[in-house]
Amino acid sequence: MLLQAETQLIATEMRDYPEWHKGRSDYGLWYIEIDQPELIQYLDEIQAQFSNLLLPAQQRQYHITLFVCGFLQPAVKQYDDDFQIQQLQQQIKLVEALQLKPFELEITQIDSFSSALFLQIKDQQGVLTQIRQQFAHVSEEIAALEYCPHITLGLYGEAWSSDRVLQRIQQQSLKTMKIQVKKLTFGYYKAQILQGLLYPYQQIELG
């Protein structure tokens, strides 16, 4: 849900979430790595402008989430949000069958959910939708109802007024930058570490 005026942000608590992970560790997702140095520097600059509103010490690399899969399980599914390795192999086959070439995405604007600041991404050619359709043939996505491609810049540390954030967003001048996508990555993060690192597990090279 995009941020509305005259509402309150949702603060993220710095804690373990056992009611969510139920003792499981590796949470899997498909994503696009952001590995262009000038783009990373630019994202760091924007993040710094909002640093007093965001949780400190975010380790997670900048990325665009493609499809949220769930907790990695080698074999038997125990919970609805478990994801089996054989499902991953099926997803890889389906996407490789598309024979995709490298493609471009574009940063459009700074925006916010009620819990996180992000940069919106424009997918002119609709390639992300194509890829996501293939993934969805294999498993249901564990995620919000509507997909909004974005790069998260940080989670909010307190329930600030939304107007404070929206006003600051309006004051920012935004560069138009392209993102070159040459590979898709399936990886995971450790569920017990808030905003912890992403660990790549499988990759699909494009072209």
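Definitions and limits used
Residues numbered from 1 in each chain as written. Predicted model: local features only at pLDDT ≥ 70, side-chain atom pairs only at ≥ 80, totals over all residues. Heavy atoms only, no water. Helix = DSSP H or I, 4+ residues; strand = E, 2+ residues; numbered from the N terminus. Buried < 20%, exposed > 50% of the residue type's maximum accessible area, 1.4 Å probe, protein only. Lys, Arg positive; Asp, Glu negative; His and termini not counted. Salt bridge = Lys/Arg side-chain N within 4 Å of Asp/Glu carboxyl O. Polar contact = N/O pair within 3.5 Å; in protein donor to acceptor, adjacent residues only side chain to side chain. Arc of directions from axis to C-beta. Phe/Tyr/Trp six-rings, centres within 6.5 Å; stacked < 30°, edge-to-face > 60°. Lys NZ or Arg CZ within 6 Å of the ring centre and 35° of its normal.

## Digging into the side chain of Arg60
Within the secondary structure layout, Arg60 lies in the loop between α2 (37-49) and β2 (63-73). Lacking a salt bridge, the buried Arg60 has Asp26 as its closest oppositely charged neighbour, with an N-O distance of 11 Å. Polar side-chain contacts of Arg60 include one of 2.8 Å to the backbone oxygen of Gly196.

## Focus on unusual backbone geometry
The backbone phi angle of Lys22 is positive, close to 50 degrees, even though this residue is not glycine. Tracing the sequence through the fold places Lys22 in the loop between α1 (18-21) and β1 (26-33). We classify Lys22 as partly exposed; its relative accessible area is 42%. You will see that Gln99, though not glycine, has its phi angle at about 50 degrees, which is positive. Here Gln99 lies in the loop between α3 (85-96) and β4 (103-112). Look at Gln99 and you get exposed, because its relative accessible area is 65%.

## Here's the deal with helix α5 (residues 162-171)
Of all the positions in α5, only Ser162, Val165, Leu166, Arg168 and Ile169 are classed as buried. Along α5, the residues classed as buried sweep out an arc of 165 degrees about the axis, all on the same side. Exposed residues lying more than 90 degrees from the buried face of α5 are Gln170 and Gln171.

## Looking at the pattern of salt bridges
Scanning the entire structure with this criterion turns up 7 salt bridges. Across the pair Arg24 and Asp82 runs a salt bridge, and its minimum N-O distance is 2.6 Å. Residue Arg24 is found in the loop between α1 and β1, and its partner Asp82 is found in strand β3 (residues 82-84); the two are separated by 58 residues along the sequence. The class of Arg24 is buried, set by a relative accessible area of 8%. Note that Glu106 is salt-bridged to Lys178, the shortest N-O span being 3.3 Å. Taken together, the residues span a long stretch of sequence, with Glu106 in strand β4 and Lys178 in strand β7 (residues 178-181) at a distance of 72 residues. The exposure class assigned to Glu106 is buried, which follows from its relative accessible area of 16%.

## Describing the packing of aromatic side chains
For the coordinates displayed, the defined rule picks out 12 aromatic pairs. Seen in terms of ring centroids, Trp30 and Phe135 are 4.7 Å apart; in terms of plane orientation they differ by 15 degrees. Their pairing is stacked. Separated by 105 residues along the polypeptide, Trp30 in strand β1 and Phe135 in helix α4 (residues 127-138) bring together distant segments of the chain. Phe135 matches Trp30 in its accessibility class, with the two residues each being buried. Between Trp30 and Phe186, the aromatic rings sit 5.5 Å apart at their centres with planes inclined by 65 degrees, giving edge-to-face as the arrangement. Separated by 156 residues along the polypeptide, Trp30 in strand β1 and Phe186 in strand β8 (residues 183-190) bring together distant segments of the chain. Accessibility expressed as a relative area gives 0% for Trp30, which makes it buried. When its relative accessible area of 0% is taken as the criterion, Phe186 is described as buried. Three or more aromatic residues joined by ring pairs make a cluster, and in this case those are Trp30, Phe67, Phe83, Phe135, Phe186, Tyr188, Tyr199 and Tyr201. In this arrangement the basic side chain of Arg15 is found over the ring face of Tyr17, its NZ or CZ atom lying 4.0 Å from the centre. The ring of Tyr189 has Arg60 sitting right over it, with the charged end atom 3.8 Å from the ring centre.

Read these as spatial facts, not as claims about activity.
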